[in-house]
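Inside the fold
What follows is the residue order along each chain.
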Amino acid sequence: MNPYILAALLFGLGLGTTVTFASSHWLLAWMGLEMNTLAIIPLMAQHHHPRAVEATTKYFLTQATAAAMILFASTTNAWLTGQWDIQQMSHPLPITVVTLALALKIGLAPVHSWLPEVLQGLDLVTGLILSTWQKLAPFALLLQLQPANSAILIALGLASTLVGGWGGLNQTQLRKILAYSSIAHLGWMILILQFSPSLTLLTLLTYFVMTLSTFLVFKLNKSTSINMLATSWAKAPALTALTPLILLSLGGLPPLTGFMPKWLILQELAKQDLAPTATLAAMSALLSLYFYLRLTYAMTLTMSPNSLTGMTPWRLQHLQFSLPLALTTATTLLLLPLAPAVVALLTL
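If you're wondering where the values come from, they're calculated on a predicted model, not measured in any experiment.

Quick word on the overall build of the protein chain
- For the protein chain, the helix and strand inventory stands at 17 helices and zero strands.
- Relative to the compact-globule value of 20 Å for 348 residues, the protein chain shows a C-alpha radius of gyration of 20 Å, a close match.
- If one aligns the C-alpha atoms of the protein chain with their principal axes, the spans along those axes are about 75 × 50 × 35 Å.
- Every one of the 348 residues in the protein chain was classed for burial, and the buried ones make up 53%.
- The contacts in the protein chain between residues at least 6 apart in sequence include a share of 79% that link residues at least 24 apart.

Description of the packing of helix α10 (residues 197-221) against helix α14 (residues 259-271)
- As a packed pair, α10 and α14 sit with axes 9 Å apart at the nearest point and diverge in direction by 160 degrees. The angle between the axes of α10 and α14 places the two elements in the roughly antiparallel class. Taken as a pair, α10 and α14 cross one another with a handedness that is left-handed. Across the interface between the two elements, Leu-199, Leu-202, Thr-203 and Thr-206 of α10 pack against Met-260, Pro-261, Leu-264, Ile-265 and Glu-268 of α14.
- Classifying every residue of the contact of α10 with α14 gives six nonpolar, two polar and one charged.

Some points on the nonpolar core
- By size, the foremost hydrophobic cluster in this structure holds 49 residues, and its most contacted members are Ile-40, Tyr-59, Val-118, Leu-130, Val-217, Phe-218 and Leu-295.
- When neighbours within four sequence positions are excluded, Val-217 is seen to be in contact with Leu-239, Thr-243, Ile-246, Met-299 and Leu-325.
- Formed by 31 residues, the second largest nonpolar core is a distinct cluster that contains Ala-101, Ile-106, Leu-143 and Leu-153.

Structural notes on the UniProt feature "transmembrane region" (unreviewed entry) in the protein chain
- Residues annotated by UniProt as "transmembrane region" (unreviewed entry) correspond here to residues 60-80, 92-115, 151-170, 177-195, 201-221, 233-254, 274-293 and 321-346.
- Taken end to end, residues 92-115 comprises 71% helix and 0% strand; its first and last C-alpha atoms sit 28 Å apart.
- For residues 151-170, the helix share is 85%, the strand share is 0%, and the end-to-end C-alpha distance is 30 Å.

Focus on the packing of α14 against helix α17 (residues 339-346)
- Close contact between α14 and α17 brings their axes to 11 Å; oriented N to C, the two are set at 45 degrees. It follows from the interaxial angle that α14 and α17 lie oblique. In this structure, α14 crosses over α17, and the sense of that crossing is right-handed. Note on element contacts: α17 touches α14 through Ala-339, Val-342, Val-343 and Leu-346, opposite Met-260, Trp-263 and Leu-264.
- Considering only residue class, the contact of α14 with α17 consists of seven nonpolar, no polar and no charged.

Each value, and the rule that gives it
- Residues numbered from 1 in each chain as written.
- Predicted model: local features only at pLDDT ≥ 70, side-chain atom pairs only at ≥ 80, totals over all residues.
- Heavy atoms only, no water.
- Helix = DSSP H or I, 4+ residues; strand = E, 2+ residues; numbered from the N terminus.
- Rg over C-alpha atoms; globule rule 2.2 N^0.38 Å.
- Buried < 20%, exposed > 50% of the residue type's maximum accessible area, 1.4 Å probe, protein only.
- Contact = heavy atoms within 4.5 Å.
- Axes fitted to C-alpha atoms, helices over the stretch in contact; angles between N-to-C directions.
- Parallel < 35°, antiparallel > 145°, perpendicular 65-115°, else oblique.
- Left-handed = near helix turned anticlockwise from the far one by under 90°.
- Nonpolar A, V, L, I, M, F, W, Y, C, P; charged D, E, K, R; others polar.
- Core = buried A, V, L, I, M, F, W, Y, C linked by side-chain atoms within 4.5 Å.
- UniProt positions renumbered as here; feature names shortened; annotations may be inferred.

Here's what the structure looks like:
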């Protein structure tokens, strides 16, 4: 893609998110979401592959549906209450419709089925943008809507953690596994949204860092399926030793960074007398952990049949810039000791 066009599209992505962040009026927020969608569509379809075009079409249709629902709900709210302000939504009907529309935008269960299919059709870099940056604007709106619709948020959160764990079990494609991982993590964030918005933001931030390092590892190894992971030891032996730790951090095992948000969320749910919800969420995390362990096993404990030429790619220089990978990997593995400082910040 022409660098000027790429720069314009990335600028459009940033601008759309910023407009939604800065808006207090529903029409302005809707406009930011639309700019976001329209900027990423050429990035998704840039390879002109049938799978990419199919993924782009599916993404466009779901995002257009969600945007129409947001417009409908905000107009209904203005009709019922005379208010266009995002934080002045008081009627249950528009609040419910907007919550479901934003759930469709970010891919929460039970309106999640587009996300694995779309992510599977994209290259890893565009998939990374879709899994991280594209979640920011809808989350900003969800944070301003709470806490009026508690039952819906808890139902969406629990459904997402269960579907995210269950759906990833039988997958062999890495991008689909990462999509289900995304659904499960979003479920954890939505569960705690109304009780501790700052904890939701912490979870979102750690999810971004862990997902960034996972996508960068797969990009460095040029891996898109579990079988291709088995050859990664011949390409980057040191990175292959660290990758299982990155995956286990995504699964939320101590003493890695990914354990911190899950631990704090379960603690907060227990404080709110939601012990059954916390138990279900913790059990669903085990489902996710299983498929991360499956990836770990494929990467470190299986040997693919290699010829002599296949044994030597580690001697070649990688074209990928490795500093972002080094920084995100270190952050993914080593931040748990900062948990007391994070708790102190959250209670301020």
